[in-house]
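Chain by chain, the residues:
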Amino acid sequence: DTAVSQTPKYLVTQMGNDKSIKCEQNLGHDTMYWYKQDSKKFLKIMFSYNNKELIINETVPNRFSPKSPDKAHLNLHINSLELGDSAVYFCASSQGPGGQGDTQYFGPGTRLTVL
Amino acid sequence: LAKTTQPISMDSYEGQEVNITCSHNNIATNDYITWYQQFPSQGPRFIIQGYKTKVTNEVASLFIPADRKSSTLSLPRVSLSDTAVYYCLVGAPDFGNEKLTFGTGTRLTIIP
């Protein structure tokens with residue numbers, strides 16, 4: 001059973017387009033996250049979300065927006081894609097509210113290529 | 001989140017014990033220390049977590065000195081399949097502007 005799943009695995013698109021990446025977790029966790037991993041393999045958190053609070057990394061452009069239809073899903077919408085958005089995007093979840101002791105479970109990643 | 005410092009890369013031969021140390025001088029009282037492993041084209045995977053002293057599971061051991069300003073991940077008798085990037089994460093994910101949430105990680109290469 002897949003704990004955290006993402007679709008699509010690969011996404012190739014043109015600059016200026018709008019795209020979405022979907023994430024689902026079947027762990028019953030309360031908190032979900034989106035991370036970006038760049039070409040240097042640096043992982044940086046973009047969003048943390050549970051039913052009470054959305055925390056946004058201040059460096060994330062407002063072209064990126066998380067949408068959560070329910071506790072098990074956190075989708076990532078990206079408007080007006082730019083070349084610099086090319087990266088691997090990981091979804092993750094944790095049982096608690098994202099505090100000091102929470103273990104995160106990651107999805108397989110979505111490789112986004114903007115042409 | 002306490003900023004972490006790890007060696008960029010390490011090499012080891014199969015069958016040896018590998019120790020990867022992470023420095024986190026600014027660790028807060030409530031911070032836990034968590035290690036993740038990432039294989040190419042996969043998401044990070046939880047290995048082990050601890051708060052103080054020593055923690056051991058079926059995969060690894062984690063040693064934390066009394067001052068908690070560093071921690072050492074120990075992998076016993078490594079095999080080729082342990083080749084991966086290992087990240088040390090302290091406390092909750094950091095949303096700070098210039099900080100890398102998972103640090104630079106240590107790229108471990110196991111040599112046959």
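The structure we're discussing is the one just above.
Calculation rules
Residues numbered from 1 in each chain as written. Chains lettered and ligands numbered in written order. Predicted model: local features only at pLDDT ≥ 70, side-chain atom pairs only at ≥ 80, totals over all residues. Heavy atoms only, no water. Helix = DSSP H or I, 4+ residues; strand = E, 2+ residues; numbered from the N terminus. Rg over C-alpha atoms; globule rule 2.2 N^0.38 Å. Buried < 20%, exposed > 50% of the residue type's maximum accessible area, 1.4 Å probe, protein only. Contact = heavy atoms within 4.5 Å. Areas by Shrake-Rupley, 256 points an atom, 1.4 Å probe, with all protein chains shown as cover. Lys, Arg positive; Asp, Glu negative; His and termini not counted. Charge placed at Lys NZ, Arg CZ, Asp CG, Glu CD. Disulfide = S-S within 2.5 Å. Salt bridge = Lys/Arg side-chain N within 4 Å of Asp/Glu carboxyl O. Core = buried A, V, L, I, M, F, W, Y, C linked by side-chain atoms within 4.5 Å. Buried area = accessible area lost by both parts, 1.4 Å probe. Polar contact = N/O pair within 3.5 Å; in protein donor to acceptor, adjacent residues only side chain to side chain.

Draft legend 1. Highlighting the overall build of chain A. Of regular secondary structure, chain A possesses zero helices and 11 strands. Computed over the C-alpha atoms, the radius of gyration of chain A is 13 Å, within 12% of the 13 Å expected from 2.2 N^0.38 for a compact globule of 115 residues. In terms of overall dimensions, chain A has C-alpha extents of about 40 × 30 × 30 Å along its principal axes. Looking at the 115 residues of chain A, the share that counts as buried comes to 44%. At a minimum sequence separation of 6, the contacts of chain A that also span at least 24 residues come to 56%. Summed over its atoms, the accessible surface of chain A is roughly 5,700 Å², and 48% of this surface lies on carbon and sulfur atoms. Here chain A contributes 12 positive and 11 negative side-chain charges, whose respective centroids are spaced 6 Å apart.

Draft legend 2. A look at the state of the cysteines. Inspection of the entire model under this criterion finds two disulfides over all chains. Put simply, A:Cys23 and A:Cys91 are joined by a disulfide, and their sulfur atoms are 1.8 Å apart. A torsion of -75° about the S-S bond marks the disulfide between A:Cys23 and A:Cys91 as left-handed. Here A:Cys23 is found in strand S3 (residues 19–25), whereas its partner A:Cys91 is found in strand S9 (residues 87–94), with 68 residues between them in sequence. Taking relative accessible area as the criterion, A:Cys23 reaches 1% and is therefore assigned buried. There is a disulfide in this structure between B:Cys22 and B:Cys88, and the S-S distance comes to 2.2 Å. Looking down the S-S bond of the B:Cys22 and B:Cys88 bridge, the torsion is -80°, so its handedness is left-handed. You can see B:Cys22 sitting in strand S2 (residues 18–23) and its partner B:Cys88 sitting in strand S8 (residues 84–90), a full 66 residues away along the chain. Taking relative accessible area as the criterion, B:Cys88 reaches 1% and is therefore assigned buried.

Draft legend 3. Fine view of the pattern of salt bridges. Residue and element names in this part refer to chain A. Scanning the entire structure with this criterion turns up three salt bridges over all chains. We note a salt bridge from Lys 71 to Asp 30, for which the minimum N-O separation is 3.1 Å. Separated by 41 residues along the polypeptide, Lys 71 in the loop between strand S7 (64–67) and strand S8 (75–78) and Asp 30 in the loop between S3 and strand S4 (31–37) bring together distant segments of the chain. We classify Lys 71 as partly exposed; its relative accessible area is 43%. Taking the shortest distance from any N to any O, the salt bridge between Asp 85 and Arg 63 comes out at 2.8 Å. One end of the pair, Asp 85, is in the loop between S8 and S9; the other, Arg 63, is in the loop between strand S6 (54–56) and S7, and 22 residues separate them in sequence. The exposure class assigned to Arg 63 is buried, which follows from its relative accessible area of 12%.

Draft legend 4. Molecular detail of the nonpolar core. Ranked by internal contacts, the top residues of the largest apolar core, which has 20 residues, are B:Ile33, B:Trp35, B:Leu73, B:Leu75 and B:Tyr86. Listing elements by their share of this core, those giving two or more residues are S2, strand S3 (33–38), strand S4 (45–50), strand S6 (61–64), strand S7 (70–75), S8 and strand S9 (106–111) of chain B. Examining the composition of this core, we find that four residues originate from one element, S8(B), more than from any other. Ignoring any residue separated from it by four or fewer positions in sequence, one finds B:Tyr86 in contact with B:Gln6, B:Ile20, B:Trp35, B:Tyr36, B:Gln37, B:Ile47, B:Leu73, B:Leu75, B:Gly105, B:Thr106 and B:Leu108. In this structure, A:Trp34, A:Val60, A:Leu76 and A:Ala87 belong to the second largest nonpolar core, which totals 19 residues.

Draft legend 5. Looking closely at the interface of chain A and chain B. If you look at the interface, chain A gives 28 residues, while chain B gives 27 residues. For the chain A and chain B pair, buried surface summed over both sides reaches about 2,000 Å², with 57% attributable to carbon and sulfur atoms. At the junction of chain A and chain B, the tally comes to zero salt bridges. Joining chain A to chain B, the criterion identifies four residue pairs in polar contact (both at pLDDT 80 or more). Only S4, strand S5 (43–49) and S6 of chain A provide two or more residues apiece to the side of chain A that touches chain B. Ranked by residue count, the leading element in the side of chain A that touches chain B is S5(A), at six residues.

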